[in-house]
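One letter stands for each residue in the lines below.
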Amino acid sequence: MKKVIASLIIVALFLSLLGNKERKEPSNVCLSCASWEKQFNSRDELYQASDLVIKGKVLSQEPELRCDLVFSRSYVKVECVYKTSSKNVINDAVEIVQTGGTLNDYTTVPIHGAPLLESGNEYLLFLQLSEPDQVFGQYYLISGGTQGIYQPDAISSGDDVTQFLAYKGSIRESDLLRSGVDNNYSGWPSLPIAWSSNYANFCYSGVTYPSAVSQAFTSWNYSEFTYSYTSSMSTQVQIRENVYGDVGWYAKTVAVSNNSGTGLGNAYVSLNHSNMYDLSTFEYKAIVCHEAGHALGIDGHFDGYTAIMQSDASNFMSSYNTPRTFDKTNGLYLLYGSP
Ligand SMILES: [Zn+2]
């Protein structure tokens, strides 16, 4: 009998080690944010950086599991081409991969501001070709993550893209198809989502630079809040590094509320080895520091400010890799109280 119990415990331990997955109910999700490889400041930039600009209709969509996350591959019928390059062979359909979806027991919540395309719907899409990959193949990604999805009638005058691009300066928000609260800084958080205990334990698995991960998290510590390392992967903040393929982001964080809904219960940080492998230790730490800010409950981004919590990682990762004054004043101290 003891042997049976012992082997059951071993099986349970093994299963918990295998529990490298996000099985969260979407209703529980407080925030889902990503550090995109590149974001754009104007439509011109977005257009110039895109390999393909089309109006298209989603024919079908299939979920695919990459390690512990679900991605969705949409097959989009091309109805109108506004930009292409000779490298691209335009058949009548293109494949677009996005983060999020459900497959069997696995659910991955789409990143705020980057809603999944829906079958049967039409879109204006700015797309970038992914890095070719032996396992995942080659496909298109939405340019700028949250930025390349538009209402199909965003280009209204026939096939003329000039008028659309004429709204220069900034991307016209009303045409963007966005979901959730991926807003630039505007005085949030209006609804504080924080760890009610004023501390959170973190643990990591498979990360390239463990000490950089620890330093990135504890760089947020001050008198009112503490991050502490623990060796158990069943802890509050779980950080995993995996090969997700080229998906447009360096890292992403999902935070879910506790059972009573009074604060955060868990945060899951995913580091994408496919896009982070060639970062310096300094840059790597900067990305993790940004995600540690989301794991604190900082929802959204301080775009346009000197802050680690900007959505465009290329703006900060080679310059600084610890929280700036702006991050503390408008994020940490708002959530946990000023020192
Ligand atoms: Zn972020």
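You'll find the structure just up there.
About the criteria used
Residues numbered from 1 in each chain as written. Predicted model: local features only at pLDDT ≥ 70, side-chain atom pairs only at ≥ 80, totals over all residues. Pairing = 2+ DSSP bridges. Helix = DSSP H or I, 4+ residues; strand = E, 2+ residues; numbered from the N terminus. Axes fitted to C-alpha atoms, helices over the stretch in contact; angles between N-to-C directions. Contact = placed C-beta atoms within 7 Å. Core = buried A, V, L, I, M, F, W, Y, C linked by C-beta atoms within 7 Å. Buried ≥ 20, exposed ≤ 12 C-beta atoms within 10 Å, placed from the backbone. Domains from an automatic or database assignment. Expected span 1.5 Å × (residues − 1).

On to the sheet that holds strand 14 (residues 264-272). The sheet built from six strands is open, its strands ordered 1-13-14-12-10-11 with mixed pairing. With one partner strand each, in any of the chains shown, strand 1 (29-36) and strand 11 (226-229) form the two edges of the open sheet. Neighbour to neighbour, the strand axes of the sheet diverge by 20° on average, direction disregarded. Bridging between strand 13 (residues 249-257) and strand 14 involves seven bridges; their strand directions are antiparallel. Note on strand 14: the bridge partner recorded for Ser257 is Leu264. Across the sheet, helix 6 (residues 281-295) lies against strand 1, strand 11, strand 12 (237-242), strand 13 and strand 14, angled at about 15° from strand 13, the strand it touches most.

Turning to the pairing of strand 7 (residues 122-129), a few remarks are in order. Relative to strand 7, strand 2 (residues 52-66) is paired through six bridges, and the arrangement is antiparallel. Across the sheet, Lys55 pairs through a bridge with Leu124, a residue of strand 7. Judged from the two bridges that link them, strand 7 and strand 9 (residues 149-150) form a sheet pairing that is antiparallel. Bridging from a neighbouring strand, Leu125 pairs with Ile149 of strand 9.

Pairing between strand 10 (residues 199-205) and strand 11: four bridges, direction parallel. Note on strand 11: the bridge partner recorded for Phe202 is Tyr229.

This part takes up the nonpolar core. Ile96, Ile287 and Ala292 are the most contacted members of the largest nonpolar core, which has 83 residues in total. Residue contributions to this core peak at seven residues, all from helix 6. Both domain 1 (26-37 + 185-336) and domain 2 (43-157) contribute no fewer than three residues apiece to this core.

Between its first and last C-alpha, helix 6 extends 21 Å over 15 residues, near the 21 Å set by a 1.5 Å rise per residue. When you tally the buried positions in helix 6, you get 13 out of 15 residues, the bulk of the element. Of the residues flanking the end of helix 6, it is Gly297, one or two places downstream, whose phi is positive at about 115°.

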